[in-house]
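# Inside the fold
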Amino acid sequence: MENIDQPSIAKEIQESIAPKVIEEKQVIVHCMFPASPFWGNMIRIWPTTVLIDKESGHECQLVHAENISIFPNWTEVHPMKDYWFTLVFTGLPKDCSRFDLKEVIPEEGGFFVPNIKRNATDIYRVKI
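Quick look at the structure, then. What you see is a predicted model, and the numbers here were worked out from it, not measured in a lab.

## Some thoughts on the side chain of arginine 44
If you trace the backbone, arginine 44 turns up in the loop between β2 (41-43) and β3 (49-53). On the accessibility criterion, arginine 44 (11% relative accessible area) is buried. Among the polar contacts listed, one links the side chain of arginine 44 to the backbone oxygen of proline 72, at a separation of 3.1 Å. Those residues in contact with arginine 44 that sit more than four places away from it in its chain are Ile68, Ser69, Phe71, Pro72, Asn73, Trp74, Glu103, Glu107 and Phe111.

Next up, the structure:
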């Protein structure tokens, strides 16, 4: 069997495809739904929930939800106990400094957390 040398890629080709290479990154948002003294509280997240860069308007899509049901299903929230769930989104633009969390839905009552300050880890804790 003959050894094959590693191919080389012309510098011009590397430079032309460089802008098309996207660094994989994610944004993790831990959400707290505050305790209520009442029974019967139900929550869910719609797959149309996004992060919106305040400067560019770029929207980061929801890719995973943990510990919360996705529409049309519901999650029951027990009284007198804060309820935590986690949302994972596609990455924010590099130059983003503030963003909103918005549940874009065709009815009232969607989650909305405005003006979240960007940090170096892209891991956040918010109160819904």
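## Some points on the pattern of salt bridges
Under the definition given, this model contains three salt bridges. Here arginine 44 and glutamate 107 are joined by a salt bridge, their closest N and O atoms 3.8 Å apart. Highlighted residues: arginine 44 in the loop between β2 and β3 and glutamate 107 in the loop between β7 (98-103) and β8 (112-117), separated in sequence by 63 residues. In this structure glutamate 107 comes out as partly exposed when scored by relative accessible area, which is 44%.

## What about the pairing of strand β9 (residues 123-127)?
Burial of the side chains of β9 is restricted to one face: Tyr124 and Val126 are buried, whereas none of Ile123, Arg125 and Lys127 on the reverse face is. In this structure, strand β1 (residues 26-33) lies alongside β9, joined through five bridges in parallel fashion. Each bridged residue has a counterpart across the sheet, and for histidine 30 the counterpart in β9 is arginine 125.

## What to know about the sheet that holds β9
In spatial order, the strands read β8-β7-β3-β4-β6-β1-β9; together these seven strands make up an open sheet with mixed pairing. The open sheet has two free edges, formed respectively by β8 and β9, since each of these has just one partner strand. Ignoring strand direction, the axes of neighbouring strands in this sheet form an average angle of 30°. Here four bridges tie strand β4 (residues 59-66) to strand β6 (residues 83-90), and the two strands are oriented antiparallel to one another. Within β6, the residue paired with leucine 62 across the bridge is phenylalanine 89.

Analysis parameters
For every chain, the first residue of its written sequence is number 1, and the numbers climb from 1 along that sequence. Owing to the predicted nature of the model, reporting of local features is limited to residues with pLDDT of at least 70; listing and counting of side-chain atom pairs is limited to 80 or more, with chain, interface and lining totals taken over all residues. For side-chain calculations, the full set of non-hydrogen atoms in the structure is used, while hydrogens and water are omitted. Each helix corresponds to a stretch of at least 4 residues labelled H or I by DSSP, and each strand to a stretch of at least 2 residues labelled E; elements are numbered beginning at the N terminus. Relative accessible area decides the class of each residue, using a 1.4 Å probe on protein chains only: under 20% of the type maximum gives buried, over 50% gives exposed, and in between gives partly exposed. Polar contact criterion, stated in full: a pair of N or O atoms within 3.5 Å, where within protein one must be able to donate a hydrogen and the other to accept it, and residues adjacent in sequence count only if both atoms are side-chain atoms. Contacts were defined at the residue level, with two residues in contact if any of their heavy atoms lie within 4.5 Å. By convention in these notes, a salt bridge is any Lys or Arg side-chain nitrogen within 4 Å of a carboxyl oxygen on Asp or Glu. When DSSP locates at least two bridges between a pair of strands, those strands are taken to pair. In this analysis an axis means a line fitted to C-alpha atoms, helices contributing only their contacting stretch, and an angle means the value between N-to-C directions, from 0 to 180 degrees.

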